[in-house]
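# Structure assessment
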Amino acid sequence: METEATQDAEIPAHFAAPIDDFAPRFTGVAVEMLLDSYRVTGELFAPGVPRRLVDILNSNDLPYFVMHSGTLDDPFNPDTDTKTFDLIQLDRAGILFAMPRGEVQKPDPFEVVRKKRVPSTAVLPGFKVTGELHLMPDADPALVAVVSDHHFVPFTEVTVVTDKGRPQSWHEPLVIVNMTRVLFYGTRKAEPPAS
């Protein structure tokens with residue numbers, strides 16, 4: 001109930017502003033994505049609070065992603081020109097894997113779920129990704145549908161190797177694999193620590 005005293009009182013601006021003005025409207029994540037024969041770099045945006053790249057990729061129900069101010073190039077042919085775009089629509093099924101660039105968003109401690117690391121290899125068209133896949137502690141890799149899953153799944157401590165036609169390899173702390181594009185998935189025993 002409003003009284004004469006509350007009508008005349010001056011309300012501080014930060015209390016008078018609608019709640020939505022305090023909440024972030026969207027979060028941008030710098031990303032590099034590899035396709036069958038090209039690389040796309042740019043920023044993916046998601047509404048609301050800051051989110052991890054894997055969460056942004058898995059929360060999009062559309063068959064494409066929109067990136068702003070991105071580039072397109074051939075990472076294996078330095079002689080080709082890099083093309084710059086103000087807006088990019090990227091087919092979800094065309095993405096082989098993605099790597100965050102810049103600051104990596106840490107998960108909310110209240111949303112962290114304990115997982116076990118499973119040394120794994122995923123083969124995609126033109127690439128082999130070897131690292132640690134994180135599964136629920138009681139999950140049996142033989143019973144978890146990994147190949148042809150429709151999610152993007154993070155691998156950590158990764159070595160990426162290109163196919164025989166362009167032998168290159170590099171290391172990444174985090175690679176998010178489009179499991180729809182995986183042709184082969186295998187686990188291996190963890191390497192014993194060097195003595």
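Anything mentioned here points back to the structure above.
These remarks concern the structure in this document. Everything numeric here is computed off the predicted structure, so don't read it as measured data. (Residues numbered from 1 in each chain as written. Predicted model: local features only at pLDDT ≥ 70, side-chain atom pairs only at ≥ 80, totals over all residues. Heavy atoms only, no water.)

### Topic: the environment of lysine 189
Operational definition: Strands here mean DSSP runs of E at least two residues long; helices mean DSSP runs of H or I at least four residues long; both are numbered from the N terminus. To sort residues, take the accessible area from a 1.4 Å probe on protein chains only and compare it with the maximum for the residue type: under 20% means buried, over 50% means exposed, and anything in between is partly exposed.
Tracing the sequence through the fold places lysine 189 in the segment after strand S10 (184–187). Given a relative accessible area of 77%, lysine 189 falls into the exposed group. C-alpha of lysine 189 to C-alpha of valine 118: the two residues are 71 residues apart in sequence and 8.2 Å apart in space.

### As for the pairing of strand S6 (residues 116–124)
As a reminder, the rule being used: Paired strands, as defined in this entry, are two strands with at least two bridges between them according to DSSP.
By the bridge criterion, 9 bridges tie S6 to strand S7 (residues 127–135) in an arrangement that is antiparallel. Directly across from threonine 121, in S7, lies its bridge partner threonine 130. Two successive antiparallel strands, S6 and S7, enclose a turn made up of 2 residues, where glycine 126 displays a positive phi of approximately 85°.

### Observations regarding the pattern of salt bridges
For clarity, the cut-off: What makes a salt bridge here is a side-chain nitrogen of Lys or Arg within 4 Å of a carboxyl oxygen of Asp or Glu, nothing more.
A complete count under the given rule lists 7 salt bridges for this structure. For arginine 52, the salt bridge identified is with aspartate 55, shortest N-O distance 2.9 Å. Taking relative accessible area as the criterion, arginine 52 reaches 30% and is therefore assigned partly exposed. In this structure, glutamate 172 and arginine 101 form a salt bridge, with 2.9 Å as the shortest nitrogen-oxygen distance. Remark: arginine 101 occurs in the loop between strand S5 (97–100) and S6 and glutamate 172 occurs in strand S9 (residues 169–178); sequence separation between them is 71 residues. According to the relative accessible area criterion, glutamate 172 is buried, its value standing at 10%. Residue arginine 101 is classed as partly exposed on the basis of its relative accessible area of 28%. Each member of the salt-bridge network shares a partner with another, and the members are Glu32, Arg39, Asp73, Arg101 and Glu172.

### A closer look at the nonpolar core
Quick note on the threshold: Within this scheme, the nonpolar core is defined by two criteria: the residues are buried Ala, Val, Leu, Ile, Met, Phe, Trp, Tyr or Cys, and they are joined through side-chain atoms within 4.5 Å. Note on definitions: a residue-residue contact is assigned when non-hydrogen atoms from the two residues lie within 4.5 Å.
The biggest cluster of nonpolar side chains holds 23 residues, and the ones touching the most others in it are Phe97, Val129, Phe155, Val175 and Val177. Those elements that place two or more of their residues in this core are S5, S6, S7, strand S8 (152–162) and S9. Residues within four places of valine 129 in sequence aside, it is in contact with Phe97, Ser120, Thr121, Ala122, Leu124, Phe155, Val158, Thr159, Val175 and Val177. Membership of the second largest hydrophobic core comes to 19 residues, among which are Ala46, Ile56, Leu57 and Phe152.

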